[in-house]
2 protein chains.
Amino acid sequence: MTVEYVDLKENMTVQDAIERIRQIGLDSETINICYVLDAKRTLVGTVALRYLLTNAPDEIIGDIMHENVIYINTLMDQEEVARQFQKYDFTAMPVVDNENRLVGIITVDDIVDILQEEATEDMEKMAAIVPSDKPYMKTGVFETWKKRIPWLLLLMISATFTGSIITSFEDALSVCVILTAYIPMLMDTGGNAGGQASVTIIRGLSLNEIAFSDIFKVVWKEIRVAVLCGITLAAANFVKLLVFDKVTIPVAAVVCLTLMAAVLIAKIVGCILPMLAKKIGFDPAVMASPFITTIVDALSLLIYFRIATGILHIV
Amino acid sequence: MTVEYVDLKENMTVQDAIERIRQIGLDSETINICYVLDAKRTLVGTVALRYLLTNAPDEIIGDIMHENVIYINTLMDQEEVARQFQKYDFTAMPVVDNENRLVGIITVDDIVDILQEEATEDMEKMAAIVPSDKPYMKTGVFETWKKRIPWLLLLMISATFTGSIITSFEDALSVCVILTAYIPMLMDTGGNAGGQASVTIIRGLSLNEIAFSDIFKVVWKEIRVAVLCGITLAAANFVKLLVFDKVTIPVAAVVCLTLMAAVLIAKIVGCILPMLAKKIGFDPAVMASPFITTIVDALSLLIYFRIATGILHIV
């Protein structure tokens, strides 16, 4: 925010106003828009410089000013400010306090920096990093560790649940060890499919392209996309399993059915969690790939072993 | 880009210039800066409106104009244009063709949209999606599938290599099935650690905060961060393995040593790949978590089984 703006009074003439711009205009951030204030410095209107130049010199500012001023309140958060700028396409907006007194102006070049910062923060959260406002090269090793370790620890502990699912099916696995070989592929594909959905939804929410009221439309769409993706991946995998890995048809069926189920669950979890987070006032960006991967891993493995015990008749 | 700008001639007086702004200023996108053109419409200088207002009416434009104009070439890509705006903090910049003729101006509110689009594109690439310029709610199911399936397929096929590593250690696994239980935790933690490094580096590269020449500094920093993270995670895990899972000390040692190695490899791969990609002219954003996860998974499992066969003496 800057306090270098052109302030005018209602009773000035256009001539007076241009004179005032001549005096202080060189220091002001913008002279495209001048701000009309009363004796208490309350913002009563704005005049665009172009209107000053196209009006007769003896017109009174109070008569030609624009009275429906769109302003920013000092308490508004910076993301909301950026959104106002994008909505109205202004190059500068006035900032007022609760008594409507002008305290400064914000210009669009500040907004560019804010938007870049917000995007960086979202990316950091999506990558399970506690966001920082320092550039990478200027952050110390210890500080970087502090930003990264909380989520690594939390996600590591959550991942041990996935491990305990494997332990509880240990007997089934020792009968049919080949099943173990497909765990990484199932986990990675589920994680990727979920990450695609969650990142798309998180970004859509942050750009206000998606609202909570769209939740049913979003879920329905993700289900259809998941079915298409699941069939494509399962078909490719089925061929690969039979031709290259030379597994039996029942084993191939177990792997491919699980794959389809994992993609479906991943897409549904991936789109619902960020939207619910937003609804209850949490940051949706935290619900990105790493978080969803952990949930999807556990669910996919449960399904894997259930289908395996069903089809392969192993205990 | 817009073609609505104020053009002046060198031989105009300040008075003439203000008169011209009065005539066409209302339609122009910005009148903060006026563009001085010669007979061939070559851009020869610029004058800020504030200077017009503070100069005597009979001054000649050619004498007061600013001649070192920073301009944008019609062939410049939009990311580069956005970078120029951020560098100079301008609200508008002229666009010229190869003969230096003015073809229009770009205002900073266009840049805001470009930066948002670029950030969205980077996030999509990081989430293994082929970028699209349509908002989510307006993209059809089939189109969404087309954007997501290529990377899902490619990464699924790569993940099968990880599977074949497990197959080749099948005998070791059937002797010590408990080792299987820690595969998801090792894979997820490696993936998360690598994702943190790669996303940080990709964003730093895109904001020009990190250059290729920083590669040794970056790698050295990631190694130190990885050692700190690795020790913290291994310590937490060692306690958990002995107290809750009640495994033997050698098994706990195998898991924790692998964990440290996986974090170290993940951070190194995660920072080097995006920088190399940028160097050889590839988009660094593609080298994000999903891609790195696949590589780190395979390497971590190889290390896991090597350490296991070494410490536990299983064949």
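Whatever comes next refers back to the structure up there.
Residues numbered from 1 in each chain as written. Chains lettered and ligands numbered in written order. Predicted model: local features only at pLDDT ≥ 70, side-chain atom pairs only at ≥ 80, totals over all residues. Heavy atoms only, no water.

Our focus in this paragraph is the interface of chain B and chain A. The interface is formed by 97 residues belonging to chain B together with 96 residues belonging to chain A. Taking both sides of the interface into account, the surface hidden between chain B and chain A amounts to around 9,000 Å²; carbon and sulfur atoms contribute 69%. Here chain B is connected to chain A by two salt bridges. If you look at where chain B meets chain A, you find 18 residue pairs in polar contact (both at pLDDT 80 or more). Of all the elements, helix α6 (residues 141–168) of chain B adds the most residues to the side of chain B that touches chain A, at 16 residues. The residue inventory of the side of chain B that touches chain A, partitioned by class, reads 51 nonpolar, 26 polar and 20 charged. (Contact = heavy atoms within 4.5 Å. Buried area = accessible area lost by both parts, 1.4 Å probe. Salt bridge = Lys/Arg side-chain N within 4 Å of Asp/Glu carboxyl O. Polar contact = N/O pair within 3.5 Å; in protein donor to acceptor, adjacent residues only side chain to side chain. Helix = DSSP H or I, 4+ residues; strand = E, 2+ residues; numbered from the N terminus. Nonpolar A, V, L, I, M, F, W, Y, C, P; charged D, E, K, R; others polar.)

Once that is clear, we can look at the sheet that holds strand β2 (residues 33–37) of chain B. Adjacent strands of a sheet pair through backbone hydrogen bonds, lying either parallel or antiparallel. Residue and element names in this part refer to chain B. Taken in spatial order, the three strands make up an open sheet running β1-β2-β3, and their pairing is mixed. This sheet does not close on itself; its edge strands, each paired only once, are β1 (7–9) and β3 (43–48). On average, adjacent strands in this sheet sit at an angle of 35° to one another, irrespective of strand direction. Where β2 lies against β3, five bridges are found, and the strand directions are antiparallel. Bridge pairing in β3 places L37 opposite L43. (Pairing = 2+ DSSP bridges. Axes fitted to C-alpha atoms, helices over the stretch in contact; angles between N-to-C directions.)

As a further point, take the pairing of β3(B). Among the six residues of β3(B), five are classified as buried, and the element is accordingly described as predominantly covered. Following β2(B), the chain reverses through five residues before pairing antiparallel with β3(B); B:R41 in that reversal takes a positive phi of roughly 65°. (Buried < 20%, exposed > 50% of the residue type's maximum accessible area, 1.4 Å probe, protein only.)

Residues and elements named next belong to chain B. Every buried residue belonging to helix α4 (residues 78–88) is among V81, A82, Q84 and F85, and all of these are buried. Looking straight down α4, one finds its buried side chains confined to an arc of 155°; they lie on one side. By the N-cap criterion, in which a side-chain oxygen at the helix start approaches the backbone nitrogen of a residue two or three places on, α4 is capped by D77, the distance to E79 being 3.0 Å. Immediately downstream of α4, the backbone of D89 shows phi near 60°, a positive value. (Arc of directions from axis to C-beta.)

A few words now on the nonpolar core. Core analysis: the biggest nonpolar cluster contains 87 residues, and A:Y304, A:F305, B:Y304 and B:F305 have the highest contact counts within it. Here A:Y304 is in contact with A:L179, A:Y182, A:I183, A:L186, A:V254, A:V255 and A:T258, once residues within four sequence places are set aside. Within the second largest apolar cluster, 30 residues are counted, among which are A:V14, A:L53, A:M65 and B:I18. (Core = buried A, V, L, I, M, F, W, Y, C linked by side-chain atoms within 4.5 Å.)

Once that is clear, we can look at the sheet that holds strand β6 (residues 102–107) of chain B. All names here are of chain B. With respect to topology, three strands assemble into an open sheet ordered β4-β5-β6, the strand pairing being mixed. The outermost strands of the open sheet, each flanked by one partner alone, are β4 (72–73) and β6. Bridge count between β4 and strand β5 (residues 92–96): two bridges; the pairing is parallel. Each residue of the ladder has a partner; that of I72, found in β5, is V95.

A few words now on helix α1 (residues 14–24) of chain A. When we look at burial in α1(A), the residues that qualify are A:V14, A:A17, A:I18 and A:I21. Summarising the axial view, the buried residues of α1(A) lie within an arc of 95°, below the 170-degree limit, and thus occupy one face. Turning to α1(A), the residues buried within the fold contact β1 (7–8), β2 (33–37), α2 (49–54) and α3 (61–64) of chain A together with α2 (49–54) of chain B.

Residue and element names in this part refer to chain B. On the surface, a cluster of nonpolar side chains totalling about 440 Å² of accessible area is made up of V227, I231, L257, M260, L264 and I311. Every element with two or more residues in the nonpolar patch is listed here: α9 (215–243) and α10 (249–279). A per-element tally of the nonpolar patch places α10 first, with three residues. Within the secondary structure, L264 sits in helix α10. Judged by relative accessible area, which is 31%, L264 ranks as partly exposed. (Patch = residues over 30% accessible without salt bridge, like charges linked within 9 Å, V, L, I, M, F, W, Y side chains within 5 Å. Areas by Shrake-Rupley, 256 points an atom, 1.4 Å probe, with all protein chains shown as cover.)

A few words now on empty space enclosed by the protein. This model, assessed by the stated rule, comprises seven cavities of 30 Å³ or more. Space inside the largest cavity adds up to approximately 390 Å³. Forming the walls of the largest cavity are 27 residues, and the residues nearest its centre are A:S289, A:P290, B:S289, B:P290 and B:T293. Residue composition of the lining of the largest cavity, grouped by class: 12 nonpolar, 12 polar and three charged. (1 Å grid on protein atoms, 1.4 Å probe; cavity = no way out; pocket = protein on both sides within 12 Å on 5 of 7 lines; lining within 4 Å. Points joined across faces, edges and corners; volume = space filled by probe spheres on them.)

Overlay of chain B on chain A (RMSD 0.1 Å): rotation 180°, translation along the axis 0.0 Å. As the rotation angle and translation indicate, the two copies are arranged about a two-fold axis. A shared interface surface links the copies, since 99% of the contact residues of chain B are contact residues in chain A too. (Least-squares fit on C-alpha atoms with pLDDT ≥ 70 in both.)

Turning our attention to the packing of helix α8 (residues 183–206) of chain B against α10(B). All names here are of chain B. It is at 8 Å that the axes of α8 and α10 come closest, and there the two elements cross at 25°. Taken together, α8 and α10 sit at an angle that is classed as roughly parallel. α10 is crossed by α8, and the crossing has right-handed handedness. Residues M185, L186, T189, G190, A193, G194, Q196, A197, S198, I201, I202 and L205 of α8 form the contact with α10, whose participating residues are V255, T258, L259, V263, A266, K267, G270, C271, P274, M275 and K278. Residue composition of the contact of α8 with α10, by class: 14 nonpolar, seven polar and two charged. (Parallel < 35°, antiparallel > 145°, perpendicular 65-115°, else oblique. Left-handed = near helix turned anticlockwise from the far one by under 90°.)

Before going further, it helps to spend a moment on the environment of A:L257. Residues and elements named next belong to chain A. Here L257 shows up in helix α10 (residues 249–279). Here the alpha-carbon distance between L257 and K147, two residues 110 residues apart in the chain, equals 39 Å. Contacts of L257, omitting those with residues within four sequence positions, involve I307 and I311.

Right, let's get into the environment of B:L102. Residues and elements named next belong to chain B. With respect to the helices, strands and loops of the structure, L102 is situated in strand β6. Residues L102 and T54 lie 48 residues apart in sequence; the distance between their C-alpha atoms is 26 Å. Once residues within four sequence positions are removed from consideration, L102 is found in contact with Y5, Y35, L37, R41, L43, P94, V95 and V96.

Let us now look at the environment of A:A211. Residues and elements named next belong to chain A. Looking at the secondary structure, you find A211 in the loop between α8 (183–206) and α9 (215–243). Given a relative accessible area of 35%, A211 falls into the partly exposed group. Taking the C-alpha atoms as reference, A211 lies 49 Å from V175; in sequence the two are 36 residues apart.

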